Every structure is written in C-alpha cells, then in structure tokens.
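So you can see what is in the structure, the chains are spelled out below.
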Amino acid sequence: MKGEYSEMSRVKQVGLLAAGCQPWNKDVCAASGERFAYCATLAIYIYQLDQQYNEYKLRSIMSEHKKTITAISWCPDNPDLFASSSADNLLIIWNVAEQKAVARLDNTKGVPASVSWCWNLADGVAFVSQRGPLYIWVYGGPDPGVTVHKEAHSFLSDICLFRWHPTKKGKLVFGHTDGSLSVFQPGSKGQKHVLRPESLEGTDEEDPISALEWDILSTDYLLVSNLHNGIRLVDSEALVCITSFCFPSAAASVQCLAWVPSAPGMFITGDSQVGVLRVWNVSRSTPLDSFKLKKTGFHALHVLNSPLAKKAQSSCSPSKSQHTSSTSEAVPPPTLSQNRSFSLPPGHAVCCFMDGGVGLYDMGAKKWDFLRDLGHVETIFDCKFKPDDPNLLATASFDGTIKIWDTNTLTAVYTSPGNEGVVYSLSWAPGDLNCIAGATSRNGAFIWDVRKGKIITRFNEHGKNGIFCISWSHKDSKRIATCSGDGFCIIRTIDGKILHKYKHPAAVFGCDWSQNNKDMIATGCEDKNVRVYYLATSSDQPLKVFTGHLAKVFHVRWSPLREGILCSGSDDGTVRIWDYTQDACINVLSGHTAPVRGLLWNTEVPYLLISGSWDYTIRVWDTRDGTCLDTVYDHGADVYGLTCHQSRPFTMASCSRDSTVRLWSLAPLVAPLLLNILTEQPWDRINGSTDTAMVPGAPPLLCGKVSRDIKQELDKLSCDIRAKKLRWFSECFSPPGGSSNLWDLVSVISGQDDSLLPPSYSGGVMHMKHLLKFKTSEAQELTIVKMSKFGGGIGAPSKEERLKEAADIHLRLGQVQRYCELMVELGQWEKALSVAPGVSMKYWKNLMQRRAEQLMAEDNDDAIPYGIATGDIEQLVTFFTGRGQLQEALMIAQGACEGNIRAPHSSTVNHTTNDVDSRQQYQSSPSECQREEFICVQRRIPPTDSVLCGADYVTGSNLPSHSDVQLSCFTGNRIQGPVFLLEDGKSAISLNDALMWAKANPFSPLGTGLRINPF
C-alpha cells in the first residue's frame, strides 16, 4: 500500500516563467516554417503557431546542455530538426516533434562559435570555433563521422560566424573579428580575409562582423554588417563593395540584420544601443523607415517565411534565374508623397533584445503579436512570495536584477534598476511595505522601494565581499540580517545602525530568523557548522553550534510549525534536521548527489520538507522517517531557491540555473486530506496538532495558520457552511490561475448579488450575463486611468493605447456613440464620422459640425466640405466673410439658394436610381433661412463704380498699376522711386523728400498741423 501511495504522490508542474534570450552569443535565434526558437543560457525555447487560435505558443524547452549554449541552426530540409552547440564542446541534434535529442557529438575540439546545417547534406552539420578549422559532422547515413573542410582552416583572425549559401552548393563565407570575410566555393580558389571596411585597411584595429546573410536571389551578393562600420552589400565573386548604407546618426551601430523573404531587395536591421528597427531597400543607401520598439538594443533578428494566417498572403515570386539578385528584383522605394506605411514589408520579425526580451513583431501592422519581456537571462538564485499577496513572486538573478512576477498571468510587472552585479538573495519587507532587500556579489546590500521604483538604502558594512544571504525579520520589521564571505553575520536596523556583528571562522552562506522567537537567528558556515545566536544578550558567541556535516553548510531554515527544529543543506549532498532543545541532529536526509541549496518547510504539514540541489532535482521528504516521497527532474540545471506563500501552502515556486521559475502543486502529496475535506469527514481527520501529525505513518493533517483560520471562520457561520468550506480549502490547495474565478462563477450561478463579486472577477472567465456590464466597466476604467509618474509600470500602455483599446471594446459592444467620442479624442475623426450614422443622422451632423468648427478655428480650408455636407450655410458664410472672401460666401449662399446645398435627411437613398434622378431628388427648394443668408451676403458686396466691357475689359485690367504717374507737390515733377502720400490721400512727395522733411519738421507740409511719419 505504501508503494502504491508513493506512486500516486507526484509533484505536478503547474506554471513556468520562461527565460529571456541570452545576449552572449550570435546565432541564438532561428526559425523554420511555423516554429521559431531562441536560447537562454542553458535552455532552448521553441514556439509554434497554434492554428486554432492563430498565435504562437511555447511548445517545448530543450535543456540537456550543461554549459552556455553558443549557437543553434534549423535544418533547411526537415522542420522537425535543429542543431545546438554549447561551451562544454557539445553538439546536439534535436527532434522538436518528439521533444528529444536524436544525436550527440561530445567533443567538438573547441567551443563552437557558429553552427550551420550543410545545405548539400541531409545529415550534415558544420561547426567552427575561434580560428578554425571548419568541421563537418555527418551524424547519420552509411558513413557517419567528423571531417575537416579542405580549405577552411588556418585563419588569421577569430571567426564570429559563418553562412552556407542557401542555393549555391558548397559555397560559404566566414566573418572575422578583424572585420574581414573569407569566401570558399568548390572549383575556385578560396579567398581569405578580404573585403575589410576601407577605414580599417592598413590598420590593426578590429571591427567584428556582427551579421552576415547571403542574398537568396543571387549566387554572389552578400549583406555584411560590421559593428562600427555599418552595413555593406558586397559581391563575393568580384570582391567589391556594391553599396555602403548610411545611418541617420554616427552613433548608431548594427547588431543584427535579416532579409525579408516576402519583399525582394528589402531587409531589416536592429540597432545595438537602442531597440530601433530599420527597414531598408538595396536600391537606397538610407533607411526607408525606422521605429523604436524598446529602450534596450537588439541582439538578434529573424524574419519568418510564413506569415500568420490572418495576414494577406504575399504573392509568390516567379522562379528566378540563379544569376538574378535582390538588386535587380528590388521593390522600388516609396516616393516622398506616398504614405510611410507602404515602405513596411509584410511579415513577422522575431526580435531578441539585449535585456532578454523576445517578441514577434508584425511589421506591416506596426504592432507586437506577442512580446515576452523582461525574462531573466541567467541563473536565478532566489525567489520569494510577497507576504501580503500570494500572486506576486520576486526573483533575484545573476543578471543583476530583481524582477517581480504576477503568477496568475506569468508575466513580469516590475524590475529593479539593475547594474548590481550578481544578486544572490532577496527578502521582502514584512506586510505591505512594498520593499525588497537584496544582497549582491560586490555592491553590498540594498533596499528597493518597488512602488517608487528606486533603491532607497544601501548597506556597505561587508565592503566588496559578496553577501550570500539577506533576511528581513518578520517578527521585528526594523531588523535586517546579512551574511558574507568576510565571515560576518551582521544584524542592523533598516536605517543602518549595526546591532550585532557575529564573527565566524570562515565565510557565512545562509541565515534565517526563528519564526517563534524574534531574537533567535541561525547561520550556515563554510566550516561545516550550523550556529544559533540569541540577540537579547550582548555576547557575540553562539548559543549553540551544531556539527555533523562533512562539507560547507549553505542554507538553514527554521520549521514554522515545530518550535526549536531547524534544517540545513550542505555541499555533502545531505539535509540534516536539528533539534535545538535536544542539542542534536535528529535526522539525516540522503539522496541528493550534489550540493544542496534550496530548502523549504511546508507551512501546514509539519513533516514535509522540500530540498533543491545542484543535481538538478527537487526532492520532497517525510522528515518523520527520512523517506523521499518524490523526486522532480524537470529543471535543466542547479536548483537554487524554493518558496511558498503561507496562504497557498501547497503551491511551490522554484528557481534554477536554467533561468526559469517553475510553479508546482504539492496537493497530490496530501491526497487523503483532500478526500477527507470533500467527503465531509470529521475535523480531527483534517486539522490536528503538530504532535499528532508527526507520529510516523500517521495520515497527513493540517496544522498551520491558514487551516486554523478557515476552521474558526466556518465555526462562526450558521448557513452555507459546506460551500464556504469547499471554496476556502480549494483556494488553499489550488495553484494560482483560476480557483477563485471558478468559485466566483459558482456564486453567480447560485444567485449571489453581483455587488459581492470581487474586482478580480472581471479579469477572468465570467458569466455571459455580466459580459456587457463588465466589459463596459473595463472600457470606462481604461479611459479614466491616471498614468503614474513612471508611466504605469513596466510595459504599461500609453494613454493613446488605452483609449484605443477602450474604443474597440465599446464598438464590439455596439456602443457606437462612445466609440465615436473616443476616436474624436484620439484625433481620428474619419473613423468616428464613418460609423456615426449608426447612431443617428442627427448625431452624424452634430459630429460633422464639431469637426468643421475645429478646422475653422484653425483657419483650415478642409472645413468647407464638412459645412457643405451638413448644409450649414450660416457657418460657412461666417467663415468666408471673416476672412474677407465675400465672393466665396456669395457663391455658397447662391448654391444653397438654388437648392444645391441642403441639410441631410434621415430618409434612405434609393440606390437603383441613376445619377440624374439622384441629383433631381437631391435638389429641392432652399430653406427660408438659406434665402435670408443669401440676401444678407448679397447686400454686403459693394457695387462697382464702373463696368468695363468690350476691348477695354482684359485680364488684369482691374489690378493696381505699378506704373501710375505721381507728381510731387514740392517740385511738380514726376516722382521717381517710392512715393509717400500725405494726409489728404491725394498729395504726394517722394519718400526721400518725406524723410528729409520729417527730420527738419515733424508736421505736414500741407500746413494742416498733422504729424507725418515716413520712418
């Protein structure tokens, strides 16, 4: 029976926080058909298009590499196969469909810098390291083995990457760190170290090749990028540079590039400093377009060959001669008069960034199809749940950041400022203080205020020594403990005042506050011992020293349910249980085959202890008899941190050197408890004392705070006890992501008042009757939300994006008028006016009038069509007369008077009538208001004094003449040059005479006593 029970008790993985893309190596992103892959440090993540939902989803994680992955390459002939290499001289062939490795080469004779399938060999993979040679590994067929390329060896500069030509059999190119290329093809002499950028010729400077791609429509053309000297299109046969591409800024540098298969001649590049994506055409030396996708720079780019099904399929190009190229087939660049969006090619780009972000960008629509942002790219050393929120999990990483994750959505919501070196440990402040203490490898310790988004305190008492553990006391929130490689465990207050410095004979790796005594703390030391200190005394000596481990002790953990009991994990591969009251080791848990790091006591079942190790496993122990209840092998590398939240004690999080955080359900380990709850067994078979639960062989009992609180709350109820009991225990046992939502739905179906539903209900699956109500509420919240000083948090949408999302919700709910108003707020009048008739013609007319008024206020002629369409003659006449355009005003009024302009009616239009009928139907008698407006304008136009006709009426005859004869009232002679008219409007003198007169006498020469001012 015991064996059968242990077979049932399997820890179940229920969530995974994927790692980001590593920024260390070049070829860490690849795609094939409906799949793409990227590399974290130790694992390869493969996404595949889900045809049903038309979106990419994580399909599998390949993690057999034990050291940093250096390159991946997809098989061009079989979309199920790809190759990967790593820093431990290992090359693996993977089958994605079967999710397993199908071949391994254990000694690549150097770390492969680049890997590529041989386009002429179905089972051949080429790889190269440093200065060569190029090895070709044939892993299948009748003659497997490793051979050396005949010419590709003895290079003078390290190799960055290499590329086989996709159609020219056997042709390949190498890019070197000195900026040069080496080209080889069968039947021709190899060309080594050619085509360096001109600025580097004759110098020893290095400018590494950052990207290298063959033009698939040519046998010879090659797109090359140097990190500092930019992009060139080169002819590998003639060994000449065809085009050098220019950047808008000298500071811009290219990190990666990719051809766009659907648009011949077009390619895209990613900048290295900032996440700017640029679109180019080989016929122009400057970019067609560029747009900023992220603050951090690009690392890798790959354009998918098959766009998502929802996009228009690009037309297939006719077959080309092998002598054509992208330059001869180039799509002409758009002219300046064209809309900028025409320059964007159709297609989706897999974008990897230097901060680990990975996304799929729709270039045509200029939007992300998905963005997996802010993943850790390196070892995650520690993880902890927020004390007052079981849905927020913080992680500390080798990459120098602490990130906070929402475990319901599995997304990052905050990240620390970074640049801390390695962050080894973290500890949340007690309660709702929203602060995290972090311990680093070289920058001491710090307190990060999550809400303010900045570091508010630093502790430097350990100098430059690494701090391996930090622990914020939850019994006394003013105390923070740190332990370091300098041999000290330091207790200080949060304002930096040192309370105790406990000296150890060697480095201290772990510390933990007792959960029963606020003045007691335990430490783990490199000298193999566990120590317990009592802060209430002034002594710096430990109260107890526990010896027994055979190697250094790392973490220590006090039991939350058994007073005086603590455990320790050691590099000897064991976990020891110590009884402080007996001053003895009461159990040794053996089974791990490598050092133990993670330790976690269950907060409800007192005998359950979980450990994580460098042997890549997590083990669950029954500490009553030392048996291992389960072993978890899912992590692909060392397991460092384990944690759970007190209110959700059977959901555990783990973190690892494989850069992932995984969530686990421990509920199957206590399956009898679940049965007892569901079958309404007596309380003594559900809850119990610690002593009862610790009896060897006894069934599991709940002994913690959560179960006690549930029982106390149920004892207060007089009705609905069973439903509450099931709900509360369900939320205690279930992992995040749906349990509370399920019970909200049960409440709705049971007839509960909607006002009692929690705010989180609208974010999950809801009852159909609430769909309109809550979606409307969601849209309203999007329109009124206040943006915080920091932009609403990581990845928070802009105000415009929020309004657009709200508008889309209103439109789908049929709330057309609200949609129109939001479009107006966004300045998208055309969209608003196009659907406004769906509200009413009266509303459409009102909207047209508002648009016309806005344009008129801007003195914009675009207002005229809006006024004419609505028949608002008075508004148009006012607009024209205000600008002095009386003729235009009269024309408008005349048109209205003759019935050509009228206000629209709501009657339907008969589309079967011809144009003449429609025009006759449209023409009607003008309104009385329009007639009055016409008469009013007519009166304002002054009559002309004389009418010229016949031969005297020629073009320009009404214009003022520049040759009018003016006689000076001073000399009586014709004035030459500028004329100055005196106050009577008839007498004139030359401007020069006027200036001379005014200098001597400011008054008019006509003797009127008026001053003149020709100046």
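Nothing here was measured: the structure is a model prediction, and the numbers come from that model.

## Structural notes on the overall build of the protein chain
Phase 1: From N to C terminus, the protein chain includes 17 helices and 58 strands.
Phase 2: Counting the 1015 residues in the protein chain, one finds 51% classified as buried.
Phase 3: For the protein chain, long-range pairs separated by at least 24 residues make up 46% of all intrachain contacts whose partners lie at least 6 apart in sequence.

## Let's talk about the packing of aromatic side chains
Phase 1: Taken as a whole and assessed by the stated rule, the structure comprises 38 aromatic pairs.
Phase 2: Seen from their ring centres, Y47 and F370 are 5.3 Å apart, and the 25 degrees between their planes marks the pair as stacked. Here the residue Y47 occupies a position in strand β4 (residues 44-50), and F370 occupies one in strand β29 (residues 367-372), the gap between them amounting to 323 residues.
Phase 3: Residue classification places Y47 among the buried residues on the basis of a relative accessible area of 5%.
Phase 4: Of the residues examined, F370 reaches a relative accessible area of 19% and is grouped as buried.
Phase 5: Judged by centre distance (6.4 Å) and plane angle (70 degrees), the ring pair of W614 and Y640 falls under edge-to-face.

## Considerations on the pairing of strand β35 (residues 435-440)
Phase 1: Counting buried positions over the six residues of β35 gives six, a clear majority of the element.
Phase 2: The two faces of β35 match: C435, A437 and A439 on one face and I436, G438 and T440 on the other face are all buried.
Phase 3: As judged from the five bridges shared by strand β34 (residues 423-428) and β35, these two strands associate in the antiparallel manner. Residue pairing across strands places W428 opposite I436, the latter belonging to β35.
Phase 4: If you look at the hairpin formed by β34 and β35, you'll find six residues sitting between the two strands, and G431 has a positive phi there, around 60 degrees.
Phase 5: The pairing of β35 with strand β36 (residues 445-449) spans five bridges and is classified as antiparallel. Across the sheet, I436 pairs through a bridge with W448, a residue of β36.

## Quick word on the sheet that holds strand β48 (residues 574-579)
The pairing of strands in a sheet happens through backbone hydrogen bonds and is either parallel or antiparallel.
Phase 1: The strand order across the open sheet built from four strands is β46-β47-β48-β49, with neighbouring strands paired in antiparallel fashion. Lying at the two open borders of the sheet, with one neighbouring strand each, are β46 (553-558) and β49 (584-590). Taking each pair of neighbouring strands and ignoring which way they run, the sheet shows an average axis angle of 20 degrees.
Phase 2: Pairing analysis gives four bridges linking β46 to strand β47 (residues 565-570), with the strands arranged antiparallel. Bridged to V556 within β47 is S568.

## Brief notes about the pattern of salt bridges
Phase 1: The full count for this structure, using the stated rule, is 38 salt bridges.
Phase 2: Measuring nitrogen to oxygen at the nearest pair gives 2.6 Å for the salt bridge that ties R727 to D744. Residue R727 is located in helix α5 (residues 721-733), and its partner D744 is located in helix α6 (residues 739-749); the two are separated by 17 residues in the primary sequence. Neither residue differs from the other here; R727 and D744 are each classed as buried.

## Describing the side chain of S32
Phase 1: Note that S32 resides in strand β2 (residues 29-32).
Phase 2: Looking at S32, the relative accessible area reads 16%, which means it is buried.
Phase 3: Sequence-distant contacts of S32, defined by excluding residues within four places in its chain, comprise W74, C75 and P79.

## Side note on the pairing of strand β22 (residues 254-259)
Phase 1: The element β22 is extensively covered by neighbouring structure, given that six of its six residues are classed as buried.
Phase 2: Where β22 meets strand β23 (residues 266-271), five bridges bridge the pair, whose relative direction is antiparallel. Bridging from a neighbouring strand, V254 pairs with D271 of β23.
Phase 3: Linkage of β22 to β23, two consecutive antiparallel strands, is achieved through a turn of six residues, within which G265 is found at a positive phi near 90 degrees.

## Section: unusual backbone geometry
Phase 1: The omega torsion of the bond from G132 to P133 falls at 0 degrees, within 30 degrees of zero and hence cis.
Phase 2: Of note in the backbone geometry, L410 takes a positive phi value of approximately 60 degrees without being a glycine.
Phase 3: Assignment of secondary structure puts L410 in the loop between β32 (402-406) and β33 (411-415).
Phase 4: Positive phi outside glycine occurs at D583, with the angle close to 60 degrees.

## Things to note about the sheet that holds strand β21 (residues 240-244)
Phase 1: Spatially, four strands are ordered β18-β19-β20-β21 in an open sheet, and the strand pairing comes out antiparallel. The open sheet has two free edges, formed respectively by β18 (209-214) and β21, since each of these has just one partner strand. Strand-to-strand twist across the sheet, computed as the mean angle between neighbouring axes with direction ignored, equals 25 degrees.
Phase 2: Taken together, the five bridges between β18 and strand β19 (residues 221-226) define a ladder with antiparallel strand orientation. The partner of I209 across the bridge, within β19, is N226.

## Some details on the confidence of the model for the protein chain
Low pLDDT means the predicted atomic positions in that stretch should not be read closely.
Phase 1: Per-residue pLDDT for the protein chain has a mean of 85; in total, 88% of the residues score no lower than 70.
Phase 2: For residues 786-795, every residue scores under 50 in pLDDT, and the model assigns this stretch 12 contacts once sequence neighbours within four places are set aside.
Phase 3: Note on residues 944-963: pLDDT under 50 across the span, and six contacts to partners over four residues away in sequence or across chains.

## Details of the packing of helix α11 (residues 841-857) against helix α12 (residues 863-870)
Phase 1: With their axes 8 Å apart at the nearest point, α11 and α12 run at an angle of 150 degrees to one another. Comparing the axis directions of α11 and α12 gives the class roughly antiparallel. The two elements α11 and α12 cross, and the hand of that crossing is left-handed. When α11 is examined against α12, the residues W844, K845, M848, Q849, R851, A852, L855 and M856 are found in contact with a partner set consisting of A863, Y866, G867, A869 and T870.
Phase 2: Considered class by class, the residues forming the contact of α11 with α12 number eight nonpolar, three polar and two charged.

Reading guide: rules and limits
Residues numbered from 1 in each chain as written. Predicted model: local features only at pLDDT ≥ 70, side-chain atom pairs only at ≥ 80, totals over all residues. Heavy atoms only, no water. Helix = DSSP H or I, 4+ residues; strand = E, 2+ residues; numbered from the N terminus. Buried < 20%, exposed > 50% of the residue type's maximum accessible area, 1.4 Å probe, protein only. Contact = heavy atoms within 4.5 Å. Phe/Tyr/Trp six-rings, centres within 6.5 Å; stacked < 30°, edge-to-face > 60°. Pairing = 2+ DSSP bridges. Axes fitted to C-alpha atoms, helices over the stretch in contact; angles between N-to-C directions. Salt bridge = Lys/Arg side-chain N within 4 Å of Asp/Glu carboxyl O. pLDDT = per-residue confidence, 0-100. Parallel < 35°, antiparallel > 145°, perpendicular 65-115°, else oblique. Left-handed = near helix turned anticlockwise from the far one by under 90°. Nonpolar A, V, L, I, M, F, W, Y, C, P; charged D, E, K, R; others polar.

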